[in-house]
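Each chain, letter by letter, is given below.
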Amino acid sequence: MQVKHGFIGFGNLAKAVYQGLKEEEEIEFAYFARSRKEADIPYYGRMEDLTAFADVIWLMVKPQDLSAVLEQLKTCDRAGKTIVSPAAGRNIAFIERYLGKEQLVVRIMPNLAMAYRKSVTAFATNQPENENATEIFGLLGKLGKAVQLEENGFDLFTAVFGSGPAFILSFIQIFKEKMQEFNLPGPLLDELLLELTQGTTLYFAQNQKKHSIEELIRNITSKGGTTQAGLDYFRTHEIGKHFEGILDAARKRSEEMSKNGD
Ligand SMILES: NC(=O)c1ccc[n+]([C@@H]2O[C@H](COP(=O)([O-])OP(=O)(O)OC[C@H]3O[C@@H](n4cnc5c(N)ncnc54)[C@H](OP(=O)(O)O)[C@@H]3O)[C@@H](O)[C@H]2O)c1
């Protein structure tokens, strides 16, 4: 059976979901936004037309734009439709305040790797028994790994898995800046760093079932060698604590957004 998915907002994340799912034969897509975007799916210029089209309605706007969208959405016919929201710091109760408790709401926290079916996505819903919610969970599983999570876990999850790609890339950027000494062209440097990160990921993937991360690090570390010297610096300067600080700051911001609605 053909299922119709409608995006309200068609920015970075909506495009990633579309890219990840566009080969699925049983899904049709369309979107509504205030202005038409470059896209190869139909554009609806009115929210009520998009909601009439869609079985599943994705709220793909920034958290601060969500209230305005929900104000408009509550006047549209939404009976029997599934609402999916990835908005950071906006819980299910927030959405129910506009659409009512009988509306099936699925809250998710994904990342942009949905485009490559490699997201890690948290899932919560107000109707766990509803099979339409189960279908969305299955769909998220196609876009990477999906996990059911209590909503009180979303702030930390957002910091680690939602914002995580930006933190990992910032770390790679430090390597890149250090490598400027070699005067290599930027694109070549990016390729080398990509090989480094893919090689590391593969090493992790191939061994993670049998070895802990500590063991994998130990395998690269010879006593008194270069890796040892770097890791000693890492430990004596408590770099790990600073990394933790990054995640704590992101989590705190998510908590603030949840409380203040900003
Ligand atoms: N990006 C990520 O990696 C990521 C990860 C996890 C969660 N999220 C969540 O995903 C949501 C979307 O993020 P994003 O990065 O995709 O944002 P984005 O790139 O800024 O896209 C937002 C879209 O919303 C549309 N929009 C804004 N106000 C609107 C309105 N009143 N009616 C209809 N459309 C409206 C915009 O188009 P117009 O201005 O033309 O209307 C634009 O297409 C956010 O809530 C964010 O918290 C994002």
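See above for the structure.
Residues numbered from 1 in each chain as written. Predicted model: local features only at pLDDT ≥ 70, side-chain atom pairs only at ≥ 80, totals over all residues. Heavy atoms only, no water.

With respect to the pattern of salt bridges
Note on pairing: side chains with opposite charge can pair once their charged atoms come close. Applying the stated criterion across every chain, the model contains 12 salt bridges. For the salt bridge of Arg-107 with Glu-151, the shortest nitrogen-to-oxygen distance reads 2.9 Å. Here Glu-151 lies in the loop between strand E8 (144-148) and helix H6 (154-162) and Arg-107 lies in strand E6 (residues 104-109), a separation of 44 residues in the sequence. A salt bridge links Arg-251 to Glu-255, with the nearest nitrogen and oxygen atoms 3.6 Å apart. Within this pair, Arg-251 and its partner Glu-255 are both found in helix H11 (residues 239-260), separated by 4 residues, close to a single helical turn. (Salt bridge = Lys/Arg side-chain N within 4 Å of Asp/Glu carboxyl O. Helix = DSSP H or I, 4+ residues; strand = E, 2+ residues; numbered from the N terminus.)

As for the pairing of E8
Consecutive residues of a regular strand have side chains that alternate between opposite faces of the sheet. Sheet topology note: the strand E7 (residues 119-125)/E8 ladder contains 5 bridges and is parallel. Its bridge partner being in E8, Ala-122 is matched across the sheet by Val-147. Following the backbone out of E7, through helix H5 (residues 131-142) and into the adjacent parallel E8, one traces a crossover that is right-handed. (Pairing = 2+ DSSP bridges. Right-handed = clockwise from strand over helix to strand, strands pointing away.)

What about the packing of helix H7 (residues 164-178) against helix H8 (residues 186-207)?
Running from N to C, H7 and H8 cross one another at 130°; their axes reach a closest spacing of 10 Å. Between H7 and H8, the angle is such that the two are oblique. Here the hand of the crossing between H7 and H8 comes out right-handed. Together, Ile-172, Phe-175 and Lys-176 of H7 and Gly-186, Leu-189, Asp-190, Leu-193, Leu-196 and Thr-197 of H8 make up the contact between the two elements. Of the residues assigned to the contact of H7 with H8, the class counts are 5 nonpolar, 2 polar and 2 charged. (Axes fitted to C-alpha atoms, helices over the stretch in contact; angles between N-to-C directions. Parallel < 35°, antiparallel > 145°, perpendicular 65-115°, else oblique. Left-handed = near helix turned anticlockwise from the far one by under 90°. Contact = heavy atoms within 4.5 Å. Nonpolar A, V, L, I, M, F, W, Y, C, P; charged D, E, K, R; others polar.)

Remarks on helix H4 (residues 92-99)
Residue pairs three or four apart in sequence face the same way in an α-helix, which turns once every 3.6 residues. Burial within H4 is extensive, with 6 of its 8 residues counted as buried. For H4, every residue scored as buried is listed here: Ile-92, Phe-94, Ile-95, Glu-96, Tyr-98 and Leu-99. Buried residues along H4 sit against strand E4 (56-59), helix H3 (66-73), strand E5 (82-85), E6 and E7. Phi turns positive, to about 90°, at Gly-100, one or two residues after H4. (Buried < 20%, exposed > 50% of the residue type's maximum accessible area, 1.4 Å probe, protein only.)

Examining the packing of aromatic side chains
The final tally for this structure, using the stated rule, is 13 aromatic pairs. Ring geometry for Tyr-18 and Phe-29: centres 5.2 Å apart, planes at 85°, overall edge-to-face. With Tyr-18 in helix H1 (residues 12-21) and Phe-29 in strand E2 (residues 27-32), this pair connects stretches of sequence that are 11 residues apart. Each member of the pair, Tyr-18 as well as Phe-29, carries the same accessibility label: buried. Measuring from ring centre to ring centre gives 5.1 Å for Tyr-31 and Tyr-43, while their planes differ by 40°; the resulting arrangement is tilted. Of this pair, Tyr-31 sits in strand E2 while Tyr-43 sits in strand E3 (residues 43-44), placing them 12 residues apart in sequence. Residue Tyr-31 is classed as buried on the basis of its relative accessible area of 0%. Through pairs of rings, three or more aromatic residues link up here, namely Phe-7, Phe-10, Tyr-18, Phe-29, Tyr-31, Tyr-43 and Trp-58. Between the NZ or CZ atom of Arg-90 and the centre of the ring of Phe-94, over which it lies, the distance is 5.2 Å. (Phe/Tyr/Trp six-rings, centres within 6.5 Å; stacked < 30°, edge-to-face > 60°. Lys NZ or Arg CZ within 6 Å of the ring centre and 35° of its normal.)

Description of a nonpolar patch on the surface
A grouping of Phe-171, Ile-174, Phe-175, Leu-196, Phe-234, Phe-243 and Ile-246 is seen on the molecular surface, where their side chains present a nonpolar patch of about 580 Å² in accessible area. With 3 residues, H7 is the single largest residue contributor to the nonpolar patch. Checked against the element boundaries, Phe-175 lands in helix H7. Look at Phe-175 and you get partly exposed, because its relative accessible area is 36%. (Patch = residues over 30% accessible without salt bridge, like charges linked within 9 Å, V, L, I, M, F, W, Y side chains within 5 Å. Areas by Shrake-Rupley, 256 points an atom, 1.4 Å probe, with all protein chains shown as cover.)

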